[in-house]
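Breakdown of the fold
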Amino acid sequence: MEGTRYRHWGIAMQHDTRDEQHEQQGRHEHQHQHHDSRPADRSAHAGHSALAPGKAGWPMAARATLHCLTGCAIGEILGMVIGTAFGWGNAETMALAIILAFAFGYTLTLRSILKAGVDFRTAFRVALAADTLSIAVMELIDNGVIALWPGAMDAQLADALFWGALALSLTVAFVVTTPVNKWMIGRGRGHAVVHRYHH
């Protein structure tokens, strides 16, 4: 009877030891998995924080403005060339330049979003939301400077005044529009929407 009790006790101790080993192994695996998941969690949180409202920096705003400025400059120069070639007046030439500035500005943004695999309809809506205000402010300042510059409206492509006025107007437009883009990106709008498709 006593030997049987010892055997039962020994079996129970073996079961207890095995249960304790399983429990320790389970705790170790859980801690290991929890530790491994932390970098991914931090990366996801960092990516989310990078686009969170209030996190916009001046470099990001400057890049967004330069992106719009490139499209505007291409559109305006092309508009001036076409208007001059056809002998149009200042109003018609400026209207065409503004239309082409919007068109090229949207096209550059649209192209970058489509590369991320987004369908055209969604990409087009994103481009409109990202660039409309930025291009509008830029065109207002740009054309305002040219309109107020004496003789700039009548300058031809071969005149130094034409290129000097255009360069100055684009520079002023860049300086004024950059804070606008920073404000929009800081609230999750403008080019902040575009950046979501590149992460």
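Residues numbered from 1 in each chain as written. Predicted model: local features only at pLDDT ≥ 70, side-chain atom pairs only at ≥ 80, totals over all residues. Heavy atoms only, no water.

1. Things to note about a nonpolar patch on the surface
Together, L114, F120, F124 and L128 give the surface a local cluster of nonpolar side chains, amounting to about 340 Å² of exposed area. Broken down by element, the nonpolar patch gets its largest block of residues, three residues, from helix α4 (residues 120-148). When you line up the elements, F124 lands in helix α4. (Patch = residues over 30% accessible without salt bridge, like charges linked within 9 Å, V, L, I, M, F, W, Y side chains within 5 Å. Areas by Shrake-Rupley, 256 points an atom, 1.4 Å probe, with all protein chains shown as cover. Salt bridge = Lys/Arg side-chain N within 4 Å of Asp/Glu carboxyl O. Helix = DSSP H or I, 4+ residues; strand = E, 2+ residues; numbered from the N terminus.)

2. Quick notes on α4
For α4, which comprises 29 residues, the first-to-last C-alpha distance of 39 Å matches the rise-based estimate of 42 Å (1.5 Å per residue) to within 8%. D131 marks where α4 bends most, by close to 45°. (Expected span 1.5 Å × (residues − 1). Bend = angle between axes of the 7 residues up to and from the residue.)

3. A closer look at the side chain of T65
Summarising the element assignment, T65 is placed in helix α2 (residues 58-85). With relative accessibility at 0%, the residue T65 sits in the buried group. Discounting residues that sit within four places of it in the chain, T65 has contacts with M138, F174, T177, T178 and N181. (Buried < 20%, exposed > 50% of the residue type's maximum accessible area, 1.4 Å probe, protein only. Contact = heavy atoms within 4.5 Å.)

4. Examining the confidence of the model for the protein chain
Considering every residue of the protein chain, the mean pLDDT works out to 75; 67% of them sit at 70 or more. Low pLDDT (under 50) marks residues 1-20, which in the prediction has zero contacts with non-local residues, meaning those over four places away or in another chain. Confidence drops under a pLDDT of 50 for residues 26-54, and excluding neighbours within four residues, the segment shows ten contacts in the predicted structure. (pLDDT = per-residue confidence, 0-100.)

5. Remarks on the packing of α2 against helix α5 (residues 160-186)
Where α2 meets α5, the axes come as close as 8 Å, and the angle between the chain directions of the two elements is 145°. Classified by chirality, the crossing of α5 by α2 is right-handed. Within the contact between the two elements, α2 uses W58, M60, A61, A62, A64, T65, L66, L69, A73, E76, I77 and M80 and α5 uses F162, W163, L166, L170, F174, T177, T178, P179, N181, K182 and I185. Per-class residue counts for the contact of α2 with α5 are 17 nonpolar, four polar and two charged. (Axes fitted to C-alpha atoms, helices over the stretch in contact; angles between N-to-C directions. Left-handed = near helix turned anticlockwise from the far one by under 90°. Nonpolar A, V, L, I, M, F, W, Y, C, P; charged D, E, K, R; others polar.)

6. Brief notes about the layout of surface pockets
Roughly 270 Å³ of volume is contained in the largest pocket. Lining the largest pocket are 18 residues, and of these M80, N90, T93, M153 and A155 sit closest to its centre. Within the residue set of the lining of the largest pocket, elements represented by two or more residues are α2, α3 (90-114) and α5. Broken down by class, the residue content of the lining of the largest pocket amounts to ten nonpolar, seven polar and one charged. (1 Å grid on protein atoms, 1.4 Å probe; cavity = no way out; pocket = protein on both sides within 12 Å on 5 of 7 lines; lining within 4 Å. Points joined across faces, edges and corners; volume = space filled by probe spheres on them.)

7. A short note on the packing of aromatic side chains
If you walk through the whole model with that rule in mind, you get four aromatic pairs. A ring pair is formed by F120 and F124, whose centres lie 6.2 Å apart and whose planes are at 15°; its orientation type is stacked. Here F120 and its partner F124 are both found in helix α4, four residues apart, which amounts to about one turn of the helix. Using a relative accessible area of 37% as the deciding quantity, one classes F124 as partly exposed. The ring of W58 is capped by K182, whose NZ or CZ atom sits 5.1 Å from the centre of that ring. (Phe/Tyr/Trp six-rings, centres within 6.5 Å; stacked < 30°, edge-to-face > 60°. Lys NZ or Arg CZ within 6 Å of the ring centre and 35° of its normal.)

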